[in-house]
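Listed here are the chains, written in short residue letters.
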Amino acid sequence: MVIVEELTTRVRKDTIAKWYLEVFPKVATYVQKRGGDLETAKDLFQESIIITYEKLTLEGFRPSVSVEAYLTGIAKNKWLKYCAEQKRSESLDHVDMKDEKEQEPSKHKLLAILRSTGDKCLQILQAFYYEKLPMTQLSQRFGFKSERSATVQKFKCLEKVRDMVKQKSLSHEDFLD
Amino acid sequence: MRTSLIKIQQLENWLLNQGDLPGRLVTEAELLIDHNLQEDAKWQRRSYELIRMFGQEKLHEEIQAVESSLFEDPKHYTFQSRIRSIFKN
């Protein structure tokens, strides 16, 4: 059972390392030539990896170029958006920006509450909905006797999280930013 | 599965546009008249958003761990040297 998780996680970590070794130098060069520093290049690259991972895994997207070329394109686009945002921030320095959504409960605080419960449910839901782990592998990872048991538990976890989100959101005074 | 879990599955099929079409159409019709079901759909959609955020946080932690290793572990000296040379000025 441990082998399944290790293989999935190891493949992902190996892929990320490969992207750093092969793609990051190109992205770093691009950023440096346009006035950016190493920390900015690192931040943008991390975000680009997440975007690329989600495109491939959550959306099943298959780029017409290599994944490495696609990742490079994402990173360059992130840099352009970063520059545009910097310029926008400078031009709005004198304007008092009020957060239009300040009355909405903070998703980050909601997530922090869910995480603090130390719940196995979030792990199961993340494995299914974010890692897109097949039920066979999910069963093995979490020690279920069958895929059917894993499926039922998944929905029980979703129900539990949904009820918690509803309860915490309806008393959202604690969650205003 | 108990009824509430079946309902969650039906809502999921509708929210994520999966499963059989007739089932999704039935759910859509029920949503038009059942306020409680509408509420459940809203909070279930929010739950998926939070699960995705949690997934992003975990992935970010993995990425940072890989990055730290590449930038700090002496066995990756060639890579570190290459990056240093890019930002040396």
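Everything quoted here is computed from the prediction, not taken from an experiment.

**Examining the nonpolar core**
So, step 1. With 31 residues, the main nonpolar core has Leu114(A), Leu125(A), Tyr129(A), Leu138(A), Leu158(A) and Leu50(B) as its most contacted residues.
So, step 2. Listed by contribution, the elements that provide at least two residues to this core are α5 (107-116), α6 (120-129), α7 (135-142) and α8 (147-170) of chain A together with α1 (3-15) and α3 (35-72) of chain B.
So, step 3. The element contributing the most residues to this core is α8(A), with eight residues.
So, step 4. Apart from residues lying up to four places away in sequence, Leu158(A) is in contact with Leu125(A), Tyr129(A), Ile8(B), Glu12(B), Gln44(B), Ser47(B), Tyr48(B) and Ile51(B).
So, step 5. Counting residues in each nonpolar core, the second largest holds 29 residues, with Ala17(A), Ile50(A), Phe71(B) and Ile83(B) among its members.

**A closer look at the packing of helix α2 (residues 24-33) of chain A against helix α4 (residues 67-91) of chain A**
Residues and elements named next belong to chain A.
So, step 1. Packing of α2 against α4 brings their axes to within 10 Å, and their N-to-C directions diverge by 25°. One finds that α2 runs roughly parallel with respect to α4. Crossing hand, α2 versus α4: right-handed. Contact with α2, carried on its side by Val 27, Tyr 30 and Val 31, involves Ala 75, Lys 76, Trp 79 and Leu 80 of α4 and no other residues of that element.
So, step 2. Its residues assigned to classes, the contact of α2 with α4 comprises six nonpolar, no polar and one charged.

**Overview of the pattern of salt bridges**
Residue and element names in this part refer to chain A.
So, step 1. On inspection of all chains with the given rule, the structure shows 15 salt bridges over all chains.
So, step 2. A salt bridge links Glu 59 to Lys 55, with the shortest nitrogen-to-oxygen separation between them at 3.2 Å.
So, step 3. Given the relative accessible area of 26%, Lys 55 is considered partly exposed.
So, step 4. In this structure, Arg 141 engages Glu 131 in a salt bridge whose closest nitrogen and oxygen atoms are separated by 2.9 Å. Taken as a pair, Arg 141 in helix α7 and Glu 131 in the loop between α6 and α7 lie far apart in primary sequence, ten residues in all. Glu 131 carries the same exposure label as Arg 141, and that label is buried.

**Brief notes about the packing of α7(A) against α8(A)**
All names here are of chain A.
So, step 1. Put simply, α7 and α8 touch, their axes get as near as 9 Å, and they point 85° apart. Relative to α8, the element α7 lies roughly perpendicular. In contact with Met 135, Thr 136, Leu 138 and Ser 139 of α7, α8 contributes Glu 147, Ala 150, Thr 151 and Lys 154.
So, step 2. Looking at side-chain class alone, the contact of α7 with α8 contains three nonpolar, three polar and two charged residues.

**Remarks on unusual backbone geometry**
So, step 1. One non-glycine residue, Lys132(A), adopts positive backbone phi at about 60°.
So, step 2. Tracing the backbone shows Lys132(A) in the loop between α6 and α7.
So, step 3. According to the relative accessible area criterion, Lys132(A) is partly exposed, its value standing at 42%.
So, step 4. Although it is not a glycine, Asn17(B) sits at a positive phi angle of roughly 55°.
So, step 5. As for its position among the elements, Asn17(B) is in the loop between α1 and α2 (21-33).
So, step 6. Residue class for Asn17(B) comes out exposed when judged on its relative accessible area of 57%.

How each quantity is defined
Residues numbered from 1 in each chain as written. Chains lettered and ligands numbered in written order. Predicted model: local features only at pLDDT ≥ 70, side-chain atom pairs only at ≥ 80, totals over all residues. Heavy atoms only, no water. Core = buried A, V, L, I, M, F, W, Y, C linked by side-chain atoms within 4.5 Å. Buried < 20%, exposed > 50% of the residue type's maximum accessible area, 1.4 Å probe, protein only. Helix = DSSP H or I, 4+ residues; strand = E, 2+ residues; numbered from the N terminus. Contact = heavy atoms within 4.5 Å. Axes fitted to C-alpha atoms, helices over the stretch in contact; angles between N-to-C directions. Parallel < 35°, antiparallel > 145°, perpendicular 65-115°, else oblique. Left-handed = near helix turned anticlockwise from the far one by under 90°. Nonpolar A, V, L, I, M, F, W, Y, C, P; charged D, E, K, R; others polar. Salt bridge = Lys/Arg side-chain N within 4 Å of Asp/Glu carboxyl O.

Spatial relationships are all this shows, so hold off on functional conclusions.
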